[in-house]
Structure formats: C-alpha cells, structure tokens
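# A closer look at the structure
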Amino acid sequence: MSNQPKQLHLNAFLMEAGHHEASWRLPESNPRADFDLDHWIRLARLAESAKFDSLFLADGPALLGTGEFRPPGQLEPLTLLTALSQATSRIGLIATVSSTYNEPYNLARRLASVDHVSGGRAGWNIVTSAGADEAANFGLETRPDHAQRYARADEFLRIAKALWDSWETGAVVADKSAGRYADPARIHRLDHRGEYFSVAGPLNVERPPQGHPLLVQAGSSEDGKDFAARHAEAIFTAHQTYERAAAFYADIKARAKAAGRDTEKVIVLPGIVPYIGGTEAEARALARRFDELRVPAYGLRQLAAVFETEPDVFELDEPLPASILARPKLEGSQSRSDLILELAVRENLTVRQIISRLGGGRGHFEFVGTPEQVADAITVWFAGGAADGFNIMAPALPSGLEAFIEHVLPILRSKGLFREEYEGRTLREHYGLVVPPNSFR
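All of these numbers come straight from a predicted model, not from anything done at the bench.

## Overview of the overall build of the chain
Counting its secondary structure elements, the chain contains 15 helices and 13 strands. Rg of the C-alpha trace for the chain: 22 Å, near the compact-globule value of 22 Å for 441 residues, within the 12% margin. Taking the principal axes of the C-alpha coordinates as reference, the chain spans close to 75 × 55 × 45 Å. Sequence-distant contacts in the chain: of pairs separated by 6 or more residues, those separated by 24 or more amount to 78%.

## Some remarks on the pattern of salt bridges
Inspection of every chain in the model, using the stated rule, returns 30 salt bridges. With a closest N to O distance of 3.4 Å, lysine 51 and glutamate 421 form a salt bridge. Of the two residues, lysine 51 is situated in the loop between helix 1 (37-49) and strand 2 (54-57) and glutamate 421 in the loop between helix 14 (399-414) and helix 15 (427-430); the sequence distance between them amounts to 370 residues. Judged by its relative accessible area of 17%, lysine 51 is buried. The partner of glutamate 420 in a salt bridge is arginine 413, and the shortest N-O contact between them spans 3.9 Å. Among the ionic contacts, a cluster of salt bridges with common partners joins Glu222, Lys225, Asp226, Asp251 and Arg255.

## A few points about the nonpolar core
Core analysis: the largest hydrophobic core is formed by 76 residues, its most contacted members being Phe52, Leu55, Trp124 and Phe404. In terms of residues, this core owes the most to one element, helix 5 (residues 146-165), which gives nine residues. Other than its neighbours up to four places away in sequence, leucine 55 contacts Asn11, Ala12, Leu14, Ala44, Leu81, Leu84, Ile91, Gly92, Leu93 and Ile94. Within the second largest apolar cluster, 20 residues are counted, among which are Phe13, Met15, Val216 and Leu427.

## Let's talk about helix 7 (residues 242-258)
Spanning 17 residues, helix 7 covers 24 Å between terminal C-alpha atoms, matching the ideal 24 Å at 1.5 Å per step. Elements in contact with the buried residues of helix 7: helix 6 (222-231), strand 10 (234-237), strand 11 (267-276) and helix 13 (371-383). Of the residues flanking the end of helix 7, it is glycine 260, one or two places downstream, whose phi is positive at about 85 degrees.

## Things to note about the side chain of arginine 419
The topology assignment puts arginine 419 in the loop between helix 14 and helix 15. A relative accessible area of 12% means that arginine 419 is categorised as buried. Here lysine 51 takes part through its backbone oxygen, which lies 2.7 Å from a polar atom of the side chain of arginine 419. Beyond its immediate sequence surroundings of up to four residues, arginine 419 is in contact with Gln7, Lys51, Phe52, Asp53, Arg413 and His430.

## What to know about the packing of aromatic side chains
Per the stated rule, a full pass over the model turns up 15 aromatic pairs. Judged by centre distance (6.5 Å) and plane angle (70 degrees), the rings of tyrosine 242 and tryptophan 381 are edge-to-face. Of the two residues, tyrosine 242 is situated in helix 7 and tryptophan 381 in helix 13; the sequence distance between them amounts to 139 residues. For tryptophan 381, a relative accessible area of 4% corresponds to the buried category. Measuring from ring centre to ring centre gives 5.9 Å for phenylalanine 365 and phenylalanine 367, while their planes differ by 65 degrees; the resulting arrangement is edge-to-face. Using a relative accessible area of 10% as the deciding quantity, one classes phenylalanine 365 as buried.

## With respect to the environment of arginine 193
Locating arginine 193 in the fold gives a position in strand 7 (residues 192-193). The class of arginine 193 is exposed, set by a relative accessible area of 58%.

## Observations regarding the packing of helix 1 against helix 14
Between helix 1 and helix 14, the shortest axis-to-axis distance is 11 Å and the interhelical angle comes to 10 degrees. As judged from the angle between their axes, helix 1 and helix 14 are roughly parallel. As helix 1 runs across helix 14, the sense of the crossing is left-handed. Contacts between helix 1 and helix 14 pair Arg42, Leu43, Leu46 and Ala47 from the former with Leu401, Glu402 and Ile405 from the latter. When its residues are assigned to classes, the contact of helix 1 with helix 14 shows five nonpolar, no polar and two charged.

## Observations concerning the pairing of strand 2
Going residue by residue along strand 2, you find Ser54 and Phe56 tucked away on one face and Leu55 and Leu57 tucked away on the opposite face as well. Handedness of the crossover is the feature at issue here: the chain leaves strand 1 (residues 9-14), passes through helix 1, returns alongside strand 2, and the resulting connection is right-handed. Pairing analysis gives four bridges linking strand 2 to strand 3 (residues 92-98), with the strands arranged parallel. If you follow leucine 57 over to strand 3, its bridge partner there is alanine 95. Of the crossover connections in this fold, the one passing from strand 2 over helix 2 (residues 77-87) to the parallel strand 3 is right-handed.

## Here we look at the environment of leucine 43
Position of leucine 43 among the secondary structure elements: in helix 1. The class for leucine 43 is buried, based on a relative accessible area of 0%. Separated by 184 residues in the primary sequence, leucine 43 and phenylalanine 227 place their C-alpha atoms 31 Å from one another.

## Section: the pairing of strand 10
Side chains Ala234 and Phe236 of strand 10 all project onto a buried face; the interleaved residues Ile235 and Thr237 project onto the opposite face, where all are buried too. Inspection of the sheet shows strand 9 (residues 214-217) paired to strand 10 by two bridges, in the parallel sense. Across the sheet, residue glutamine 217 finds its bridge partner in strand 10, namely isoleucine 235. For the segment spanning strand 9, helix 6 and strand 10, crossover handedness is right-handed. Summarising the sheet, strand 10 and strand 11 pair through four bridges and their orientation is parallel. Each residue of the ladder has a partner; that of phenylalanine 236, found in strand 11, is leucine 269.

Thresholds applied
Residues numbered from 1 in each chain as written. Predicted model: local features only at pLDDT ≥ 70, side-chain atom pairs only at ≥ 80, totals over all residues. Heavy atoms only, no water. Helix = DSSP H or I, 4+ residues; strand = E, 2+ residues; numbered from the N terminus. Rg over C-alpha atoms; globule rule 2.2 N^0.38 Å. Contact = heavy atoms within 4.5 Å. Salt bridge = Lys/Arg side-chain N within 4 Å of Asp/Glu carboxyl O. Buried < 20%, exposed > 50% of the residue type's maximum accessible area, 1.4 Å probe, protein only. Core = buried A, V, L, I, M, F, W, Y, C linked by side-chain atoms within 4.5 Å. Expected span 1.5 Å × (residues − 1). Polar contact = N/O pair within 3.5 Å; in protein donor to acceptor, adjacent residues only side chain to side chain. Phe/Tyr/Trp six-rings, centres within 6.5 Å; stacked < 30°, edge-to-face > 60°. Axes fitted to C-alpha atoms, helices over the stretch in contact; angles between N-to-C directions. Parallel < 35°, antiparallel > 145°, perpendicular 65-115°, else oblique. Left-handed = near helix turned anticlockwise from the far one by under 90°. Nonpolar A, V, L, I, M, F, W, Y, C, P; charged D, E, K, R; others polar. Right-handed = clockwise from strand over helix to strand, strands pointing away. Pairing = 2+ DSSP bridges.

So, in structure tokens, the structure goes:
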C-alpha cells in the first residue's frame, strides 16, 4: 500500500431498479431488473470502472412484502456474485447471507468457492434474520429470540473461520513424480461440539485466497455492536444525522479496542442516498419525482413490519401512536425501529411524513443537493470521525450511480479522498486488510 493520506472506502449497494421503493415506476427504469443478469453486470462494471472498493447485495430468505407494490423477489446473492465475478476483475463482491438459516459447513464451502472463482474478492455480510416470515420458511413456528440469534451467529462464525483455516498454506504439494497430491498433516479436522453445532471438518475446499472472505456486519443493536466489535472487518450502518453517526463510530471503535483489535482495521460505512441535481432546485425536484410515485399503503405495511404490528394501528396524518412511542420490546430489527422513533420525535413527523422519509433508503441518510454539496457532506462525516467511507445507495439504478460517478467522484478525487486506480486485486487489499493467519499453523 502507498503512504498517501487516508482515503474513503466506497461500496456500491445495489438493489434492482434502485433503493427508492418507487424506482421501478420511473419511465426509464427496467421493472424486471431484479432477474435481469445483464442489468446486474452493467451495474457491477459501472462500479468497477469508478474503482469502488466493492459492491454489495442485500438478501433475506423470504418474499419482500406481498409483491403488490414493489418487486418482491431476488436472485440468490452468492449465485449472482459468482456470475458477476466472471464479468469483472477487480471490484469486491459482498453478499448478505443469514447465519440463522444456514449451516456452517455448507456456507463456509460456498463462500470459499466464491473467493476462489473471483480471485480473492468475496465478502460476507453476516445477518441473523429478524423476520417471522423467514422463520416460517424453515419450519419454525416462532423465530429464535434476538440474543439467541447472535449467540448462534457467534458460534457459526467461529466454526466458519476454523473451516477456512482447515487447509494450511502448502497443504497441496501436487508432486506428480511421487504420486503425492497433498500433505494430510496440513489438513485439519475440527471435531467441534458446541451449543448449536457439531462439525467434524475439514472443509473440502482449499483455504480461500483471502484466507477468510471479508467479514461484514450490519446490526446496530447492543448485541449487534458487540458481535461486530469481535468479528466484523467492515460495518454497514444507518444514521440520519452526523451526531448519531459520530456517536456510533466512537462506540464501535471503543468496543473493538476493548476486544483487542486494531480499530483502523474495523471499517465503518454508513449508507447515503444521494439525490443529485445541477442546482438545489433540480435536486429537490428529483426527490419530489420519486416521492410522488410512492404508494402509501406499501409504506404503511413496511412500517408495521418494523414495529411487529398491523398497518391499521397507524393514522396517516397523525403522529406515531403512544403504543409505538413506548418502545415495545421487539424480536426483529431493534436498531431500525429505534432510528425511526428518533427521527419521528426529533422532527415531530406524522406517519405520512415518516413513510415518505423512509421511502428512499429505509432509514439511511438521504441527501438532496448539488454534487458539491453531496461531496461536502461526505467529507464532513469522513473528516469528523463519523465514517471511514460510505455505502452509496442510488435511489434509481443505473442513473443514480452514474450521476454520483460522473459528478461527485471527481470532486472527492480532487480533494485526494478517493483512489484514481486500484492498487491491489483482492477485496482485502482494497480495504487495507491483511490475510488473517491460519489458526492451525
């Protein structure tokens, strides 16, 4: 790596026709982008041409809503990343995969395989799957509680790391003359017996090129932050204000330090949804264009899902009901519900205004302005200790990502804040991270 000043890490968070819930309705949008491989390849190549560190695919093992108001399906992300790995050569490839509804051996094998076929560009966003509908798809009458999901995830990840390490460097000798392919002494069983899993090992895939795929985490609950401090190398997070982002940043770095980790190697990436216009008026008009295409019934259903209730408890032109403001105990996304409550109270919003504010980024930081204003906002958060970089969440794709690359990136580059060219070939190299040592060595 060079000795240049610290630079931003940028991740292109890709979502079908865009992050805004009404993006598929734009005249220029492809409403079938979700299953159009050419669409995904175009986005991946676009992000790679701009030298983004990585691209990211969200996922969950259940239908998104009812399908009435927004495309509800999605391609399985590791399958899609495998295809994208053959259409790109440098950009990192991160997928969300649930630890709650997978087994360590199978998932460690799939992730190691993606890392091999991509030449060391795979990343895993570790989630614990909060939805009751997800649990029902796996034969469970109720979802595991919040603490149990994180305890299971902790054991799951420790096993996955050991499986990736089960082949030492040099285990394969491929000695044709002697007829000896591998050194069995360098291929290790785990014989793990734990609270949630029993796994013999070793993995039947050689150690990944990166040692371990890049480990990402996106939960901001207390359990989530403790898990991230122990394990995560990149953290995806959602904040509406600089103050909240800076507080989270300081907290997660302190927890990582207490866990004995180098805080510079724990990379915090809030999301930003930029509406970019040549003037402020143009940017505001763009944001209104999206907002006018929203279907309020969809927003109500999404809000009700977060708070684990029914849509009819809300009145569109009234504040949140007292039962919601009382912060009931939730088994789902605790951090996202807290974010929505804080937004509603801070700005004294009605339900109609809340679902409007959530329509573009589900609670992530939405910014409406000129390229210079977007670049300045990113710089303030980065320089002020609120972020190590950002998830760029274009409200429409590909147009929003194109606008960011064409108009905002040159400003960030002129400030010396983002690379002109890739220096490394692996995702870990893009993020300034080393290959972890093998635990069996």
